[in-house]
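Residues per chain are reported as follows:
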Amino acid sequence: MPRSLVGGDLAVPEMAQPYMKKDDDDEEVEYSPFFGIEKGAVLQEARAFHDPQLDVRRCSQVITKLLYLLNQGETFTKVEATEVFFAVTKLFQSSDAGLRRLVYLMIKELSPSSDEVIIVTSSLMKDMNSKTDMYRANAIRVLCRIIDGTLLTQIERYLKQAIVDKNPVVASAALVSGIHLAQANPEIVKRWSNEVQEAVQSRAPLVQFHGLALLHQIRQNDRLAISKLVSSLTRGSVRSPLAQCLLIRYTSQVMRESSMNTQNGDRPFFDFLESSLRQKPEMVQLEAARKITEMDVTSRELAPAITLLQSFLTSHKPVLRFAAVRTLNKVAVTRPLAVTNCNVDLESLMLDTNRSIATLAITTLLKTGNESSVDRLMKQITSFMSDIADEFKIVVVEAIRSLCLKFPLKYRSMLNFLSNSLREEGGFEYKKAIVDSIITLISEIPDAKEIGLLHLCEFIEDCEFTYLSSQILHFLGNEGPRTSDPSRYIRYIYNRVILENATVRASAVSTLAKFGALVDTLKPRIFVLLRRCLFDTEDEVRDRATLYLQTLGGEVSIGNNEKDANDFLFGSFDVPLANLEASLRTYEPSEKPFDISSVSREVRSLPLQEKKAPGKKAPAAAAPAPVSAVDAYHKMLSSIPEFSGFGKLFKSSEPVELTEAETEYAVNVVKHIYDSYVVVQYNCTNTIEEQLLEDVTVCVDASDAEEFSEICSKPLASLPYNSAGQIFVAFEKPERVPAIGKFLNLLKFTVKEVDTSTGEADEDGVEDEYQLEDFEIVAADYMLRVAVSNFRNAWENMDPESERVDEYGLGVRESLAEAVGAVINILGMQPCEGTEVVPRNARSHTCLLSGVFIGDVKVLVRLSFGLSGPNEVAMKLAVRSDDPEVSDKIHEIVASG
């Protein structure tokens, strides 16, 4: 047991049994010295704290047991915690240093309530002013952990004195306490700035480190102050290695946030980072190198950092080798050419006894190596894959996938490696990474399709993960029928029907049906296999088999032709499940069958978000069945005679606020888009209790929206306090044209005073008006966000003649991610397959978008981004749609946006 826990030269507590013991077979068994202790028994022992003559040894043992129980997750009731707390405070009468330290620990762990803190505050303040430095430091830490803002003001003077104390232990304790206190009481801690600045100049390394951390936290919301702080400290006044590492981080943060880039690419403070590469402490050199590699720098600026990291690759210290190779591994993702000079040293690390270092070295080589070195690297990886953890195996798999996409002619050796890895032991995430990699290679390298599919089929024979089996079967159903010999996969699929659980069996039935629908020569065989599935014990399997048999046999009619049936059963399911569920719940059985085409494809949140008065809660009501946004709005608008003839509602926007928060009247607007009309819905709330609004209307100035003409409006007769009402204004526009424009809004009404005691309003009112914010109808309002489950299949199934491709310069952008987000917002489309996320430091990126344009025209977009200069972003836009004219319109929208 650590000596510090029991204090001084105290022996091991009596309850601590020997750490090792031998059983009857003379086999050594390890167990905890606290084995078998119970909370109730320890609480009984805590009565020793009340003894007139304290037994220091016994009290230390009991506190140690209590601390063990607390750290093991044992919970004390309020009564138990209070009793223990008051008992522990009795131990302040002991002058034993070891016991006092345990008392401090116990008080911190118990976290007493505010009324209990007062009991111990006087004792802690006495220790804080003690002549014993250890008492002072620990008392400061405990006090700052348990007190609130009120008590903090009482001891603030002592804390400020402690920050500049000559003893570094006391000063460091006060600074660390300040870092924690600044989270809850920032205004109080800000008053310590002068003392903290003095601590930053301290010669004690830890004091300087903690002082810099606290000073940065005090100024973190003032960008100019942080810049000045960094500027003053980069001149060489920081000597502590830990503080230097912090300063490097703060410097890189200032550089990222600064937009002061000169034409030659120099940045403020870059000279400091470069000079830190030559500082003696290795941690400082590594931190500087890591920060430089994370920045968007030129090859010349990056070279010194790479050279330093390369020198660490041959260090005798494993931690330096690991840190260097890990940093180089990250650099190789975006700047592989910069790392190629390190390849010789990286190859020597492939045989490193530390498997983590060897793994990172090989994956770095995979990213930077050439085609001739691939086979040698693959053999090297195979030799130790079984010796490393799954998290490193995943890194290897991802590196192999990237390398294969870089050198597609090497797909055979890499697919064989991935297939062999599937047969080895490993967790779900590792196996999923391999399956995803094989699927990616099949999708991107046409020649790899057949061998890759066979590898996947062999894997599902022994796959223990239901999700992966279903994923592979789904992919097999999409790709297998398009191979030269689809029949070779039928055996693997049908084996899943016989041998797997119900979920996988159902997926296998769907996959068989896809082969039957897409490969005419296999249809008789598929019919036989599906009929066997009719005797399955699971309802889902039998129902699927029945549906597919009847559909493929022509007994059930779906759509107008066979293509419609196949698209419905086997195509991408682009209807959000939440929307489908909502539509089914509101469907009323009748002679007219349910029409899935009427279900909204847009991915969106709940509708009708009306703003209530501050501090008021809406009255409780029974929770209604979920209804999709478009369904709810369509039902509401159709019930209004003026709008009932507008046809099918295409889209309703999210509410846009037209007033500031906490204003007299809360108004937001929802834009309802039809083929030839736009209905603007103003949701209004009166937040003034003394007023009743009548004849409420919105005067709209559409002079900046030339293609719109107002045709009717529906005002609001009355708007009492804290109630919401709607005002509607309808505009006509050219049919299926994405007309845009800006609308100015003025709220007009008659105000009547209300007697709050009786609730009665005056008979006479005063006409008044209230200026609202402007809003715009933009191109994105004419696009539904509709996801596709398989973008590649959807793209290939669209007519190539509808494709339109062009390139655009997007100018200077803060980052590639900012450019991607801007284009997505302009188009208003749904990102697919997570491609809206741009990897850190990426210099190129591809984003896939899907949607439905007004007129129910499906649209798919491929966006290819790249950095053509210092923050200059270039973009290639490829569009396919059901209507070539819509493809042209998408380009017009981007060009004008």
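Everything that follows concerns the structure shown earlier in this document.
Values in this document were obtained by computation on a predicted structure and should not be read as measured data.

Moving on: the pattern of salt bridges. Summed over all chains, the structure comprises 32 salt bridges. Ionic pairing is found between K190 and E187, a salt bridge with its closest N-O pair at 3.8 Å. With a gap of three residues between them, K190 and E187 both fall in helix α10 (residues 186-190), about one helical turn apart. Residue K190 is classed as partly exposed on the basis of its relative accessible area of 38%. Here E694 and K752 are joined by a salt bridge, their closest N and O atoms 3.0 Å apart. Pair noted here: E694 is in strand β7 (residues 691-704) and K752 is in strand β11 (residues 741-753), with a separation of 58 residues, a long-range link. With a relative accessible area of 14%, K752 lands in the buried category. Residues participating in the shared-partner salt-bridge network are R249, E287, R290, K291 and E294.

Interhelical geometry of helix α12 (residues 205-219) versus helix α14 (residues 241-257) gives an angle of 25 degrees and a closest axis separation of 8 Å. Relative to α14, the element α12 is oriented roughly parallel. Together, L206, Q208, F209, L212, A213 and H216 of α12 and L242, A243, L246, L247, Y250 and Q253 of α14 make up the contact between the two elements. Its residues assigned to classes, the contact of α12 with α14 comprises nine nonpolar, three polar and no charged.

Mapped onto the elements of the fold, N185 is located in the loop between α9 (168-184) and α10. Judged by its relative accessible area of 17%, N185 is buried.

Only a minority of non-glycine residues have a phi that is not negative, and only a minority of peptide bonds are not trans. Notably, D695 is not glycine yet its phi reads approximately 50 degrees, a positive angle. Its place among the elements puts D695 in strand β7. Of note in the backbone geometry, N722 takes a positive phi value of approximately 60 degrees without being a glycine. Inspection of the secondary structure puts N722 in the loop between β9 (716-719) and β10 (724-732).

Further remarks concern helix α21 (residues 355-368). For α21, built from 14 residues, the straight-helix expectation of 20 Å at 1.5 Å per residue is met to within 8% by its first-to-last C-alpha distance of 20 Å. Within α21, the full set of buried residues consists of I357, A358, T359, L360, A361, I362, T363, T364, L365, L366, K367 and T368. Where α21 is buried, its residues touch α18 (318-334), α19 (336-339), α20 (343-349), α22 (374-382) and α23 (390-406). Sitting at the head of α21, N354 places a side-chain oxygen 3.0 Å from the backbone nitrogen of S356.

With that out of the way, let us pick up the packing of helix α8 (residues 149-163) against α9. Close contact between α8 and α9 brings their axes to 8 Å; oriented N to C, the two are set at 135 degrees. If you check the angle between α8 and α9, you find them oblique. Taken as a pair, α8 and α9 cross one another with a handedness that is left-handed. Only V170, A171, A174, L175 and L181 of α9 make contact with α8, whose side of the interface consists of L152, L159, A162 and I163.

Attention shifts here to helix α16 (residues 282-294). In a regular helix each residue adds 1.5 Å, so 13 residues correspond to 18 Å; α16 covers 18 Å between its end C-alpha atoms and thus fits that length. Counting buried positions along α16 yields 10 of 13 residues, so the element is predominantly enclosed. Of all the residues in α16, the buried ones are V284, Q285, L286, E287, A288, A289, K291, I292, T293 and E294. On its buried side, α16 packs onto α14, α15 (270-276), α17 (299-312) and α18.

About the cut-offs
Residues numbered from 1 in each chain as written. Predicted model: local features only at pLDDT ≥ 70, side-chain atom pairs only at ≥ 80, totals over all residues. Heavy atoms only, no water. Salt bridge = Lys/Arg side-chain N within 4 Å of Asp/Glu carboxyl O. Helix = DSSP H or I, 4+ residues; strand = E, 2+ residues; numbered from the N terminus. Buried < 20%, exposed > 50% of the residue type's maximum accessible area, 1.4 Å probe, protein only. Axes fitted to C-alpha atoms, helices over the stretch in contact; angles between N-to-C directions. Parallel < 35°, antiparallel > 145°, perpendicular 65-115°, else oblique. Contact = heavy atoms within 4.5 Å. Nonpolar A, V, L, I, M, F, W, Y, C, P; charged D, E, K, R; others polar. Expected span 1.5 Å × (residues − 1). Polar contact = N/O pair within 3.5 Å; in protein donor to acceptor, adjacent residues only side chain to side chain. Left-handed = near helix turned anticlockwise from the far one by under 90°.

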